[in-house]
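Listed here are the chains, written in short residue letters.
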Amino acid sequence: MGLTMAEKILARAAGRARVEPGEIVTVEVGKAVLIDLSFVPTSFLRSEILRVKDPERVVIVFDHIVPARDVQSAEALKIGREVATRLGIRRFHDVGPDQGICHQIIADYGYAVPGTVLVCPDSHTCSAGAFNCAARGVGGPEAVYAACTGQTWFRVAPTIRYLLEGAPRFAVSAKDIFLHIAGTWGDHVNTNVEFTGPYAAAMTLDARRTLTTMCAEISAEFALFEADDKTIAHVRARTSEAFEPVAPDPDARYEDVRTIDVGAIDPMVALPDTVVRNTRPVAEVGDVAIHQAFVGSCANGTLDDLAMAARVVKGRRVAPGVRFIVTPGSQAIYLEALRRGLVRTLTESGAIVTSSTCGACAGLHLGALAAGEVCVTASTRNFKGRMGSPDAKVFIASPATVAASAVRGRIVDPRELLRRKRPARARSASAP
Amino acid sequence: MDGTAISPLSDRRVLRDGERNGLTYDDQLRELARNCLKTVDVDFVRKVAPGDIVIGDRGFGWGHDYEQAVMALKGAGVGAVVCESTRTNFKRNCLHHGLPLVELPGVLGEVKTGDDVEIDLAGGTLVNIRSGAVLRFSPYPSFLLDIVSAGGLYEHLRRRFQPDPGR
């Protein structure tokens, strides 16, 4: 019996020929990524970071509470800086030009190495699975433990395989495909997910990462793509580490194999409180007026996402009474968006472009919602209280749908705006 | 049962403000234990004896990943959790706080309140002394046994890096 991608990576990291679903295995960690929250005072392990197994396999990214939102955060960041210096951690992404949201940084700096294991205390760590890397969020102290010892453990899970076929309709993105999956099949607790098929191969690395990042919302263990030429070229250009990607065996055992015709998916929206079995095509959402719109986070802060938002709002105004917040996934993306005029287009439309942080997505230190307010967001999650008040309503959609909704002041199909104004460009942009 | 049914949301402040208010880890455990599993039995904390085992349902401890529910159980003196199934994050949190957790489908049908049971983590067996039933699960690797027997990740790391006992 063959092995799935997750089984192969875990077997390799455990130094074994094979592993079986249900087993608990001890594995070598390729990269342990710590974040600013690893150093907040409530994390009682912080003072115990006495040494790390290998400073080259540890990364520190400041993203959740930067720039420091209060004195407690400032103290945590100070401890983080001291730890980075004391332990000789070169891969340290402090406030400045190489800072960003950790999963964007993990992708952009080639820390997600195909065929290896990566852990980080953020829930959306499965993001790095887009690079054929078995990555998962673990507890804060566990990530510190992995940094110190170079090891962690996993329970091997069964795998569900998705075959993505066809080509998406105009203005339909990876986010819509994810919302279709979450709405159709619900959660994937204690299960790995593999994305394969012709459309998986056609997707950009950024789009793949949107899909893997969102798999945290359906409680998947690992969410993995195969490594193709695109993946290998991207990682080779960013790391000197040797690596060997894994592919699923033809006779691998799956819990289920599901085929999706992505060409049959319309722009999708998740209704408030969860994405699990709670999504529908935007046309069926009804008339929903909004107070806030957001594009950003580890799932939708890429240059493509910003470009799509800018394209939708170009020459238009954000509706009166709506705050449209845009957060690039990293400062490097911010800079590139600036060079391409996207920041200007967005700002002229009435949007505000913030520095790169998890702030608005997690209701931490900017863009929080008041009771009774409604937000449509191209970010990661919408459980009660995620973006501020537990009495706010948060709908999730793609960057195109969010930007169009910001202009209209209510949740709308982005094809309404994009088609009406510039049909010629709209058609040419429908190629994958 | 979700995490907030084990330890109520209103107790979040214990973790959030604990260290700022000068509470040690053990203080936090004691504080959280007071309301542990009150949703099931208001007298749970009074009735539970050190080393008692909690038997849980499907998806025991599910919900947003936070450590409070685990610390409440540990603070109450619970020695292990055996459940039909759980979420990975809850399981990881249990183990890194030194509270053994075993997923054992069918356990609710085999164990009743008051039974004496013996769990062998290394051997992967649970024996119900009353009925003689033996249930099997995937054994813990030595790496995890070390963490659990040390009392959690914190103690395990501290011993590894500071062989001299005491802080």
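Our next topic: the overall build of chain A. Helix and strand counts for chain A stand at 15 helices and 18 strands. In summary, chain A has a C-alpha radius of gyration of 21 Å against a globular reference of 22 Å for 432 residues, a match within 12%. Over its C-alpha atoms, taken along the principal directions, chain A stretches across nearly 55 × 55 × 40 Å. For chain A, the proportion of its 432 residues judged to be buried stands at 57%.

Let us now look at the environment of Arg57(A). All names here are of chain A. Among the structural elements, Arg57 can be located in the loop between β2 (31-35) and β3 (58-61). Residue Arg57 is classed as buried on the basis of its C-beta count, with 22 C-beta atoms lying within 10 Å. Considered as a pair, Arg57 and Val312 are 255 residues apart in the sequence and their alpha carbons are 41 Å apart. When residues no more than four places from it in sequence are discounted, the contact partners of Arg57 are Gly30, Lys31, Ala32 and Gly150.

Moving on, we get to the sheet that holds strand β11 (residues 256-261) of chain A. Residue and element names in this part refer to chain A. A sheet is described by the order of its strands in space; here 4 strands give the open sequence β10-β9-β8-β11, paired in parallel fashion. Of all strands in the sheet, those with a lone pairing partner are β10 (223-225) and β11, marking the two edges. Pairs of neighbouring strands in the sheet enclose a mean axial angle of 20 degrees, with direction left out of account.

Residue and element names in this part refer to chain A. With domains assigned, chain A is organised as domain 1 (5-159 + 222-242) and domain 2 (270-414). Between the C-alpha centres of domain 1 and domain 2 the distance comes to 27 Å. Tallying the contact residues gives 16 residues for domain 1 and 14 residues for domain 2. Of the residues assigned to the side of domain 1 that touches domain 2, the class counts are 5 nonpolar, 7 polar and 4 charged.

Formed by 188 residues in total, the largest nonpolar core has its most connected members in Leu10(A), Ala403(A), Leu73(B) and Val81(B). A total of 7 residues in this core trace back to one element, the largest contributor, which is helix α1 (residues 5-14) of chain A. A domain split of this core shows at least three residues from each of domain 1 (5-159 + 222-242) and domain 2 (270-414) of chain A. Setting aside residues up to four positions removed in sequence, Ala403(A) forms contacts with Val295(A), Met308(A), Ala309(A), Val312(A) and Val313(A).

It is worth spelling out helix α6 (residues 88-96) of chain B at this point. Burial analysis of α6(B) places 8 of its 9 residues in the buried class, the great majority of the element. A positive backbone phi angle near 80 degrees is found at Gly98(B), which sits one or two residues after α6(B).

Turning our eyes to something else, we now look at the sheet that holds strand β6 (residues 134-136) of chain B. All names here are of chain B. If you trace the 3 strands from one edge of the open sheet to the other, you get β4-β5-β6, paired in antiparallel fashion. Because the sheet does not close on itself, it has two edges, and the strands there are β4 (117-120) and β6. In this sheet, neighbouring strand axes are inclined to one another by 15 degrees on average, regardless of whether the strands run parallel or antiparallel.

Taken together, the 26 residues of chain A in the interface contact 24 residues of chain B. Those elements that place two or more of their residues in the side of chain A that touches chain B are β1 (24-28), α4 (140-149) and β7 (151-155) of chain A. The element best represented in the side of chain A that touches chain B is α4(A), accounting for 4 residues.

Turning to the pairing of strand β5 (residues 117-120) of chain A, a few remarks are in order. Residues and elements named next belong to chain A. The alternating pattern of β5 places Val117 and Val119 and Leu118 and Cys120 on opposite faces, both of which are buried. When β2 meets β5, the two strands line up parallel, connected through 2 bridges. Bridged to Lys31 within β5 is Leu118. Sheet topology places β5 next to strand β6 (residues 134-137); 4 bridges connect them, and they run parallel. For Leu118, the partnering residue across the bridge sits in β6 and is Ala135.

What counts and how
- Residues numbered from 1 in each chain as written.
- Chains lettered and ligands numbered in written order.
- Predicted model: local features only at pLDDT ≥ 70, side-chain atom pairs only at ≥ 80, totals over all residues.
- Helix = DSSP H or I, 4+ residues; strand = E, 2+ residues; numbered from the N terminus.
- Rg over C-alpha atoms; globule rule 2.2 N^0.38 Å.
- Buried ≥ 20, exposed ≤ 12 C-beta atoms within 10 Å, placed from the backbone.
- Contact = placed C-beta atoms within 7 Å.
- Pairing = 2+ DSSP bridges.
- Axes fitted to C-alpha atoms, helices over the stretch in contact; angles between N-to-C directions.
- Domains from an automatic or database assignment.
- Nonpolar A, V, L, I, M, F, W, Y, C, P; charged D, E, K, R; others polar.
- Core = buried A, V, L, I, M, F, W, Y, C linked by C-beta atoms within 7 Å.

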